[in-house]
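Given next are the chains, with one letter for each unit.
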Number of protein chains: 2
Amino acid sequence: MLKNYDIPDLKRIRIEAPFWKERIQVAAEKVIPFQWEAINGRVESEAGRSFAVRNLKIAGGLCNEKYEEPLFQDSDIGKWVEAASYSLLYHPNGEIESHIDEVVDLLERVQLPDGYLNSYFIAAHPEKRYKNFAWGHELYCCGHLLEGALAYYQVTGKDKMLRIMERYLEHLMKKLGHGEGQIPAYSGHPEIEIALMRLYHATKEKKYLTFCKYLINERGREPVYFESESGFDKEGDIKWMGLDYMVADKPFLNQENATGHAVRAMYLYAGAAELAAETQDEMLEQTLYRLWESTIRRRVYVTAGVGAHAYGERFSIDYDLPNDSCYTETCASIGLVFWAQRMQGLKLDTEYGDWLERAVYNGALSGIAVDGEHYFYVNPLEVRPDVVHYRYDMKHVKTQRVPWYGCCCCPPNLMRMITSIGKIIYGKDDSGLFIHQYIGNQCDIDWKQGQCSITMESGFPWNGNVKITLGMQERQHFTLYLRIPSWTENSWLVKINGKSETCRDKLTGGYICLEREWSDQDEIEIYFDMSPRIIYANQAVAEDSGCVAVQRGPLIYCVEEIDNGKMLQSILIKDSAVFKESWKTDMNGYIELVTEDGMKEKGEGVQLYSYGKPEICQTQVKLLPYFLWGNRGEGEMRVWIRYSV
Amino acid sequence: MLKNYDIPDLKRIRIEAPFWKERIQVAAEKVIPFQWEAINGRVESEAGRSFAVRNLKIAGGLCNEKYEEPLFQDSDIGKWVEAASYSLLYHPNGEIESHIDEVVDLLERVQLPDGYLNSYFIAAHPEKRYKNFAWGHELYCCGHLLEGALAYYQVTGKDKMLRIMERYLEHLMKKLGHGEGQIPAYSGHPEIEIALMRLYHATKEKKYLTFCKYLINERGREPVYFESESGFDKEGDIKWMGLDYMVADKPFLNQENATGHAVRAMYLYAGAAELAAETQDEMLEQTLYRLWESTIRRRVYVTAGVGAHAYGERFSIDYDLPNDSCYTETCASIGLVFWAQRMQGLKLDTEYGDWLERAVYNGALSGIAVDGEHYFYVNPLEVRPDVVHYRYDMKHVKTQRVPWYGCCCCPPNLMRMITSIGKIIYGKDDSGLFIHQYIGNQCDIDWKQGQCSITMESGFPWNGNVKITLGMQERQHFTLYLRIPSWTENSWLVKINGKSETCRDKLTGGYICLEREWSDQDEIEIYFDMSPRIIYANQAVAEDSGCVAVQRGPLIYCVEEIDNGKMLQSILIKDSAVFKESWKTDMNGYIELVTEDGMKEKGEGVQLYSYGKPEICQTQVKLLPYFLWGNRGEGEMRVWIRYSV
């Protein structure tokens, strides 16, 4: 059993990749402080305002205002603490640290003598406590606070918040379960499962693993707990906001398809995958492979967006992937990052890394503007602003990123992903070291082979040149597993200490396996071809028929009105199109793709319908990375572009 | 000023076209009796049950049950009486006639001493009377009852219902207006405008014209009346169900675009067009031309469906014409028939007849099954049943016609259209006779030239051969105006008494104008080429890009799963495709189009996305008329088919 999710300590990874270094810097210097303002209600936005910190003050008896919903804002506190903690790794900041301490002190005040800790059920509706696990988000908030506490502890060594959360967990573990006087509940919105597994790994305390197992196994068992809660039916009809929305319509081991609210599903699957890797539970593992297949073969966008269906922010049926009305929440793609990462703990398969990479660089990063201060919740693959502004069935879509949301899960979630991006690079087990992602960094690892330092230089995501230099005192025998991204297909080369290696016979699960005795200053150079590629969707996806997407390396590209004019639907490219790459310096720099093998139909006359075929003329088509769309003003955007042979 | 909407008396038109004769027979023998059962609450359907007659009984004090909404069911009574009356023309039926009499007696009982007559505001909520013109549908119901009364009177000579309605109108004309103690209201749902113009033409009483003019001119004037009604805001937010939904956001003469609830808009425009033709009001005429352009150039489907936007059952913005989630209500296409017909009273332009014809044979007729007893409310141009069943934003769509609807406007509306189809054929003015539609019939007209009989044999909609034989005592000098449908373009021929006529110099507004002295037994033969044609949409319609529609004569065609397999999106046809026509005997007979110039992409592997281009193979593609879709079980359907050069 591999345990290659078992990542090295973040403290010992220094991100050197300019792409990420810049983003981490913006996060630390600008966004984390900005989000502190936001969760203190000092950022106004058309999409609402956040009162997360004030709610804590109210619950702690420090303030007399009215508690402001949504009821799950403690989770934003948790996510902010987590992101802020990671940012301290790179950019020590006394003010931010003191804000975190302030939050921790507040949490201490809020915590009840019995350990219970949730601002909403303390300040706003104590009478509803333990009566609404379906919609109350108690365990969800607990999970996020716990992740924040762990991060803060791991970065600073300060354990006050972690102790608070451990007390809360003791309380919850007493309260929930099958025993006498216990409530057989679990969380309407999964998250705590991931947090518990992290806590288990940090503390090695089995009780957290056991509690996580209980939460996953109990879910959806007959009689389904949520149905016993009085408010359950009132909150939404069973079809759309009911048990399958919660991924609680059947026991987890019986789940056949990716279904329900996409973020809930991703978080649950992520927690379950980590549990499966730890417990080697075969049935659980099979369930996860099944859900992976369902997601990746039939229910995910090419941008790694998940949640095609706006109503319920949920998965739709197989192959139903509308490009303009989809939900594809930023948090759901982040959830896919978490899940894919943990699937790497089950099996060596480059596909997990492929989708993780795709989710990071496309569906997740598109959620944040270049300035770091504007966000998308919904990440469509096709936008026509006039239509979006008019249509009721697209009222969830925004054509421009906004500064903050009343229901503000995505922005702090992005921050914690960015500031902890080092987590996705490596894995290790007894046999060796896994390089899952090529993000330039410097890292030290301890393992039974001894201590090893790794210096990775990488041009990702803009070019496919990677150089890894090993550092060690004495020679070490281990396997270096290098992931071959699927977009490069067979176009890759490996050199060791300057000498080309034929590695075609050393492939396992899409990884190059270099087993040998390594020496200090050994150099591994890898070249992955990042030539632009044309992607075709399965014919079953009606919305993509007749269209192609363009990918370059890990990046999915798109066309925007600002570069190509209005009516992007009238643009075609040849499937043999040749793309010229050029480095643009705006938006922090990116590679633009330009092809002369484009065509534009000229069918815009006065008639709506006619018997005359539209004229077609050659045109230049410019594409930019999808994650950068919408940074240059409002306009049309399309990922799937019509093609002609 | 032409007045070519001035149709001959329906009693003097005998429909001989098998296509329509059969439908009228089914209507008279099966559907009208069936709909009588339905409005008596004796037809169950997943979409609800109707209590229209029982509501009248309750209001008349004959029954003690609870009044059942929707509140506008008196209109179904009106439409049923109208349809049933027309059906008596072709199929005298004592039982049906006695049911109508029964209804008339009920209406007499319901009518209050002051003339007021509306079951809902009498039986259910008398306290709300005159307080909810925006949503109460009083004037809408009055209009339909009046149209029913007129039809019954015109067919049977029985005037009891007409007298009842005249009393009601006297009451309304006293109550509404600008005078002292009057309410400056108009109808939230237009319809009464059409009915008043009919009554005016039947009675020549100017007061009805004046009232109609008041209702149209008052609409949308500041301060907008509906806003003074207390319930107005509560019923829906201003954006979606507000003033523009009612076409009351500005004075009618200031309306720029087809907007709001599509049926409301169509009925209002139809009434206004008849008023404009009668009053020769230049401003009103210009407004109608503007609204026509807006509708036909930018906001109508190729099937003549109107109302792209499900929420609000309304027009969307220019060129926003989604094929799968549209509303395109049967009644809205019927409304377009009414409107286009009345636009013919303003100007001689074949375009009115084109869209009238397109609406009748496609968007309207698709609303009814071959059996006459199952109906669509919503007429999409693309259906994938699994998606429709799952998606919340398509919950208005049905994949199969259902027997009846709780809100049942479309079925009886279709019946009155079918049973009075003779109305759309002719127009006349002082100069001559207009042949707008080629539906085989025998007809007598009286005019100042004397009496003339017309026998029209026509192969429409299956073939374009038409023969018109005139009958008269003495020679008459007049112009015969023959509409050239736009789908035939220049492929038409005319013979008079067996001799080819070069008519290219005799065209006005797309009509052939044959001015001469006509004799008894003069024969005019016309041949319109009905070869299948490929239609291209304006490039601004994103949803149709890369696709074509196929038309043959007045019929728009579509592909169905039963003929072409699943995944219709993977089918392409060449834009030079040759179609074989073959007569099929099922579904009362139709011409199927078959082409070997089709292709099918074979991209359905296990992968959702791949770098390999889908294989493509030649395939046969079968098309059938759109109005017949969904008569052979559930399956996919598509009007817009991908094309390749």
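All values reported here derive from a predicted model rather than from experimental measurement. (Residues numbered from 1 in each chain as written. Chains lettered and ligands numbered in written order. Predicted model: local features only at pLDDT ≥ 70, side-chain atom pairs only at ≥ 80, totals over all residues. Heavy atoms only, no water.)

**Q** What is the right way to look at the overall build of chain A in this model?
**A** In terms of helices and strands, chain A carries 17 helices and 23 strands. Its C-alpha radius of gyration of 25 Å places chain A within 12% of the 26 Å reference for a compact globule of 645 residues. Its C-alpha atoms give chain A principal-axis dimensions of roughly 75 × 70 × 50 Å. Within chain A, contacts between residues at least 6 apart in sequence are counted, and of these 71% link residues at least 24 apart. When the accessible surface of chain A is summed, it comes to about 21,500 Å², and 46% of that surface belongs to carbon and sulfur atoms. Distance between charge centres in chain A, computed from 72 positive and 93 negative side chains, equals 0 Å. (Helix = DSSP H or I, 4+ residues; strand = E, 2+ residues; numbered from the N terminus. Rg over C-alpha atoms; globule rule 2.2 N^0.38 Å. Contact = heavy atoms within 4.5 Å. Areas by Shrake-Rupley, 256 points an atom, 1.4 Å probe, with all protein chains shown as cover. Lys, Arg positive; Asp, Glu negative; His and termini not counted. Charge placed at Lys NZ, Arg CZ, Asp CG, Glu CD.)

**Q** Just checking my understanding: could you explain the interface of chain A and chain B for this structure?
**A** By a widespread convention, an interface's size corresponds to the accessible area lost as its parts come together. Taken together, the contact pairs 70 residues of chain A with 70 residues of chain B. When chain A packs against chain B, the two sides together hide about 5,700 Å² of surface, and 54% of this comes from carbon and sulfur. If you sort the residues of chain A by the area they bury against chain B, Tyr390(A), Tyr609(A) and Tyr611(A) come out on top, with a joint share of 17%. Applying the counting criterion to the chain A and chain B interface returns 6 salt bridges. Where Asp575(B) meets Lys613(A), a salt bridge forms, and the shortest distance between an N and an O atom there is 2.7 Å. At the boundary of chain A and chain B, one finds 36 residue pairs in polar contact (both at pLDDT 80 or more). For the side of chain A that touches chain B, the elements supplying multiple residues, two or more each, are helix H10 (238-241), helix H12 (282-298), helix H14 (350-364), helix H15 (385-390), strand E14 (533-537), strand E19 (590-602), strand E20 (609-610) and strand E23 (641-644) of chain A. With 5 residues, the top contributor of residues to the side of chain A that touches chain B is E14(A). A class-by-class count of the residues in the side of chain A that touches chain B yields 32 nonpolar, 17 polar and 21 charged. By the bridge criterion, 2 bridges tie E14(A) to strand E20 (residues 609-610) of chain B in an arrangement that is antiparallel. Bridged to Ala537(A) within E20(B) is Tyr609(B). (Buried area = accessible area lost by both parts, 1.4 Å probe. Salt bridge = Lys/Arg side-chain N within 4 Å of Asp/Glu carboxyl O. Polar contact = N/O pair within 3.5 Å; in protein donor to acceptor, adjacent residues only side chain to side chain. Nonpolar A, V, L, I, M, F, W, Y, C, P; charged D, E, K, R; others polar. Pairing = 2+ DSSP bridges.)

**Q** Is there a simple way to think about the sheet that holds strand E3 (residues 426-428) of chain A in this case?
**A** For sheets, the rule is that strands pair by backbone hydrogen bonds, running either parallel or antiparallel. Residues and elements named next belong to chain A. If you trace the 5 strands from one edge of the open sheet to the other, you get E3-E4-E8-E12-E11, paired in mixed fashion. A strand with exactly one partner marks an edge of an open sheet, and here the two such strands are E3 and strand E11 (507-508). Relative to strand E8 (residues 476-483), strand E4 (residues 432-435) runs parallel, the two sharing 4 bridges. The residue bridging isoleucine 435 from the neighbouring strand is leucine 482, located in E8.

**Q** It is not clear to me how the sheet that holds strand E9 (residues 492-496) of chain B should be interpreted in this structure. Could you clarify?
**A** Residue and element names in this part refer to chain B. As summarised here, the arrangement of the 7 strands in space is E1-E5-E6-E7-E13-E9-E10, forming an open sheet in which the pairing is antiparallel. The strands lining the two open edges of the sheet, one partner per strand, are strand E1 (13-15) and strand E10 (499-501). Here the average twist between neighbouring strands, direction ignored, is 20°. (Axes fitted to C-alpha atoms, helices over the stretch in contact; angles between N-to-C directions.)

**Q** Which parts of the structure should I look at to understand the relation of the copies chain A and chain B?
**A** The operation linking the two copies of the chain is a rotation about an axis combined with a translation along the axis. The transform that puts chain A on chain B rotates by 180° and translates by 0.0 Å along the axis, for an RMSD of 0.0 Å. Given the turn and translation reported, the copies of this chain are related as if by a two-fold rotation axis. Closest approach to the rotation axis among the C-alpha atoms of chain A is made by Asp393(A), whose C-alpha sits 3.2 Å away. When the interface residues of chain A are mapped onto chain B, 100% of them again lie at the interface, so the same face is used by both copies. (Least-squares fit on C-alpha atoms with pLDDT ≥ 70 in both.)

**Q** Help me out: how do you make sense of the environment of Leu196(A) in this one?
**A** Residue and element names in this part refer to chain A. As for its position among the elements, leucine 196 is in helix H8 (residues 192-203). Along the backbone, leucine 196 and glutamate 44 are 152 residues apart, and their C-alpha atoms lie at a distance of 34 Å. With sequence-adjacent residues up to four places away left out, leucine 196 is seen in contact with Leu146, Leu169, Tyr208, Phe211, Cys212 and Leu215.

**Q** Can you walk me through the nonpolar core in this structure?
**A** For soluble globular proteins, nonpolar side chains are generally found buried alongside one another. With 235 residues, the main nonpolar core has Tyr609(A), Trp20(B), Leu169(B), Tyr269(B), Leu288(B), Trp339(B) and Ile524(B) as its most contacted residues. The greatest single-element share of this core, amounting to 13 residues, is contributed by helix H11 (residues 262-279) of chain B. Residues contacting Trp339(B), with those up to four places away along its chain left out, are Met266(B), Tyr269(B), Ala270(B), Ala273(B), Leu288(B), Leu291(B), Trp292(B) and Thr295(B). Counting 233 residues, the second largest nonpolar core, distinct from the first, contains Phe133(A), Ala248(A), Cys452(A) and Val621(A). (Core = buried A, V, L, I, M, F, W, Y, C linked by side-chain atoms within 4.5 Å. Buried < 20%, exposed > 50% of the residue type's maximum accessible area, 1.4 Å probe, protein only.)

**Q** Sorry, what's going on with helix H6 (residues 138-156) of chain B here?
**A** Because the α-helix completes a turn every 3.6 residues, residues three or four places apart line up on one side. For H6(B), spanning 19 residues, the distance from its first C-alpha to its last is 27 Å, which sits close to the expected 27 Å at 1.5 Å a residue. Of the residues trailing H6(B), Gly157(B) is marked for its positive phi of about 80°. (Expected span 1.5 Å × (residues − 1).)

**Q** What is the right way to read helix H7 (residues 160-175) of chain B from this model?
**A** All names here are of chain B. Over its 16 residues, H7 extends 23 Å from the first C-alpha to the last, a length consistent with the 22 Å expected when each residue adds 1.5 Å. Taken as a whole, H7 has its buried residues at Met161, Leu162, Ile164, Met165, Glu166, Tyr168, Leu169, His171, Leu172 and Met173. Of the surrounding elements, those touching the buried residues of H7 are helix H3 (74-90), helix H4 (94-110), H6, helix H8 (192-203) and helix H9 (206-218). One or two steps after H7, the chain reaches glycine 177, where phi turns positive at roughly 145°.

**Q** Got a minute to help me understand the pattern of salt bridges in this structure?
**A** Pairs can form between side chains of opposite charge whenever their charged atoms are close. Within the structure shown, the criterion is met by 91 salt bridges over all chains. The residue Glu293(A) makes a salt bridge to Arg297(A) at a minimum N-O spacing of 3.1 Å. With Glu293(A) and Arg297(A) both in helix H12 and 4 residues apart, the pair spans about one turn of that helix. Where Lys21(B) meets Glu16(B), a salt bridge forms, and the shortest distance between an N and an O atom there is 3.3 Å. Judged by its relative accessible area of 41%, Lys21(B) is partly exposed. Its relative accessible area of 31% is what places Glu16(B) among the partly exposed residues.

**Q** Where do I start with the environment of Gly427(A) in this structure?
**A** Residue and element names in this part refer to chain A. With respect to the helices and strands, the residue glycine 427 is situated in strand E3. Owing to a relative accessible area of 0%, glycine 427 belongs among the buried residues under this scheme. C-alpha of glycine 427 to C-alpha of glutamine 437: the two residues are 10 residues apart in sequence and 9.8 Å apart in space.

**Q** Is there a simple way to explain the pairing of E9(B) in this structure?
**A** Consecutive side chains along a regular strand alternate between the two faces of the sheet. Residues and elements named next belong to chain B. Of the two faces of E9, the one lined by Trp492, Val494 and Ile496 is fully buried and the one lined by Leu493 and Lys495 carries no buried residue. The sheet contact formed by E9 and strand E13 (residues 523-528) spans 5 bridges and is antiparallel. Within the sheet, the bridge partner assigned to isoleucine 496 lies in E13 and is isoleucine 524. Here E9 pairs with E10 via 3 bridges, running antiparallel. Residue pairing across strands places isoleucine 496 opposite lysine 499, the latter belonging to E10. Taking the residues between adjacent antiparallel strands as the criterion, E9 and E10 are bridged by 2 residues, where asparagine 497 takes a positive phi near 50°.

**Q** What am I meant to see in the packing of aromatic side chains here?
**A** Each aromatic ring pair is summarised here by two numbers: the centre-to-centre distance and the angle between the ring planes. Residues and elements named next belong to chain A. Going through the model one piece at a time under the given rule, you end up with 72 aromatic pairs over all chains. Consider the rings of tyrosine 267 and phenylalanine 338, whose centres lie 6.0 Å apart with planes at 40°: the pair is tilted. Of this pair, tyrosine 267 sits in helix H11 (residues 262-279) while phenylalanine 338 is found in helix H13 (residues 330-343), placing the two residues 71 residues apart along the sequence. Assigned by exposure class, tyrosine 267 and phenylalanine 338 land together as buried. Ring geometry for tyrosine 327 versus tyrosine 377: centroids 6.4 Å apart, planes at 85°, classification edge-to-face. Here tyrosine 327, found in the loop between H12 and H13, pairs with tyrosine 377, found in the loop between H14 and strand E2 (382-383); they are 50 residues apart in sequence, far enough to count as distant. (Phe/Tyr/Trp six-rings, centres within 6.5 Å; stacked < 30°, edge-to-face > 60°.)

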